[in-house]
Amino acid sequence: MNHQSENNKKLNAFFNEEYTSLKTYVSSNIKASINRDAEDIIQDVALKLFTGADRYSPINNVASFVYRALKNKVIDVMRTSKKNRVDYDTQNENKLIEFASIIYESADNSYPEQMKEALKSAILGLKPDYKNIIIAIDFEGYTYKEIEKETGIPIGTLMSRRHRAISLLYKKLKHKKEIIN
């Protein structure tokens, strides 16, 4: 039996049984101010999953597969929604401050703009493996387990990459901190 019919069957059954739950999930994750209906989002995701069903390896955990796709779609919708643009930026600003506290170890939690800018460009200047793990864990809120599932990279490797990335940032920024202070 090929993947397509198996995956399609699983997706079909799941969407049929769980449609109401999916709608509740999407609605609760989207502010009313976004002019997108939960059903539109579910249908977009369903369409994408069904049209790609034959390209995926066999889907073992359909629920987790569908919810991850929905979560990503909700994040995309919120990013592109003009009204929530401010929210997203504020959230990123807070994450940057949180991350700055790991790197700068400042007790008073005040990080001048130039320190935050230096941190931002230092993160973007990291090797892709390092940059990706920092962004995924510290800014997008993924867990190591989720990333392992998605990429097949063992948790230990991911943790050591993040640790290495943080120490590289620390070395790079320690010098800047002394200049700023």
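Rules used throughout
Throughout this description, residue numbers start from 1 for each chain and increase along the sequence as written. Side-chain atom pairs in this predicted model are given and counted only at pLDDT of 80 or more, local residue features only at pLDDT of at least 70, and totals for whole chains, interfaces and linings cover all residues. Excluding hydrogens and water, the side-chain values take into account all heavy atoms of the structure. By the criteria applied, helices consist of DSSP H or I runs no shorter than four residues and strands consist of E runs no shorter than two, each listed in order from the N terminus. Remark: exposure states derive from per-residue accessible area (1.4 Å probe, protein chains only) relative to the maximum for the residue type, with buried under 20%, exposed over 50%, and partly exposed in between. Any two residues whose heavy atoms approach within 4.5 Å are treated as being in contact. Surface accessibility follows the Shrake-Rupley procedure with a 1.4 Å probe radius. Residue values consider only the protein chains on display as shielding. By nonpolar core is meant a set of buried Ala, Val, Leu, Ile, Met, Phe, Trp, Tyr and Cys residues that side-chain atoms within 4.5 Å join together. Two rings from Phe, Tyr or Trp (for Trp, the six-membered ring) form a pair when their centres are within 6.5 Å of each other. A pair whose planes differ by under 30 degrees is stacked, one over 60 is edge-to-face, and the rest are tilted. Either the NZ atom of lysine or the CZ atom of arginine qualifies as a charge over a ring when it sits within 6 Å of the ring centre and within 35 degrees of the ring normal. The predictor attaches a confidence to each residue, called pLDDT, with possible values from 0 through 100.

J.: What is the right way to look at the overall build of the protein in this model?
T.: When helices and strands are counted, the protein shows 8 helices and 0 strands. N-terminal to C-terminal, the α/β element order of the protein is α-α-α-α-α-α-α-α. Scored against the burial criterion, the 181 residues of the protein give a buried share of 30%. Considering only intrachain contacts with a sequence separation of at least 6, the fraction spanning at least 24 residues in the protein is 65%. When the accessible surface of the protein is split by element, carbon and sulfur atoms take 52% of a total near 11100 Å².

J.: Quick question: what am I supposed to make of the nonpolar core here?
T.: One recurring pattern in soluble globular proteins: nonpolar side chains tend to sit buried together. The biggest cluster of nonpolar side chains holds 20 residues, and the ones touching the most others in it are Ile133 and Ile134. Among the secondary structure elements, those contributing two or more residues to this core are helix H4 (85–104), helix H5 (113–124), helix H6 (128–139), helix H7 (144–151) and helix H8 (155–180). For this core, the leading source of residues is H6, giving 6 residues. In terms of nonpolar packing, the next biggest core, distinct from the first, is built from 19 residues, Leu11, Leu22, Ile59 and Val74 among them.

J.: Is there a simple way to think about the environment of Leu168 in this case?
T.: Structurally, Leu168 can be placed in helix H8. The exposure class assigned to Leu168 is partly exposed, which follows from its relative accessible area of 27%. Leu168 sits 38 residues away from Tyr130 along the chain, and the two C-alpha atoms are 9.4 Å apart. Those residues in contact with Leu168 that lie beyond four places of it in its chain are Leu126 and Tyr130.

J.: Any chance you could explain the packing of aromatic side chains here in plain terms?
T.: The description of two aromatic rings rests on the distance between their centres and on the angle between their planes. Taken as a whole and assessed by the stated rule, the structure comprises 2 aromatic pairs. Relative to Phe15, the ring of Phe14 lies with its centre 6.3 Å away and its plane at 80°, an arrangement referred to as edge-to-face. Take Phe14 and Phe15: they sit in the same class, and that class is buried. On the numbers, 6.3 Å between centres and 80° between planes, the contact of Phe14 with Tyr67 is edge-to-face. Of this pair, Phe14 sits in helix H1 (residues 3–29) while Tyr67 sits in helix H3 (residues 62–80); the two residues are 53 residues apart in sequence, bridging distant segments of the chain. Here the aromatic residues Phe14, Phe15 and Tyr67 are joined through ring pairs into a cluster of three or more. One Lys or Arg, Lys71, reaches over the ring of Tyr142 and ends 5.0 Å from the middle of that ring.

J.: In this structure, what is going on with the confidence of the model for the protein? I would like to understand it.
T.: Any region with low pLDDT has predicted coordinates that should not be read closely. Mean pLDDT over the protein works out to 75, with 75% of the residues at or above the 70 mark. The weakest mean pLDDT in the protein belongs to H4 at 64; the strongest belongs to H6 at 85. Predicted confidence is poor over residues 82–86, with pLDDT under 50, and the contacts of this stretch with residues over four places away or in other chains come to 7 contacts.

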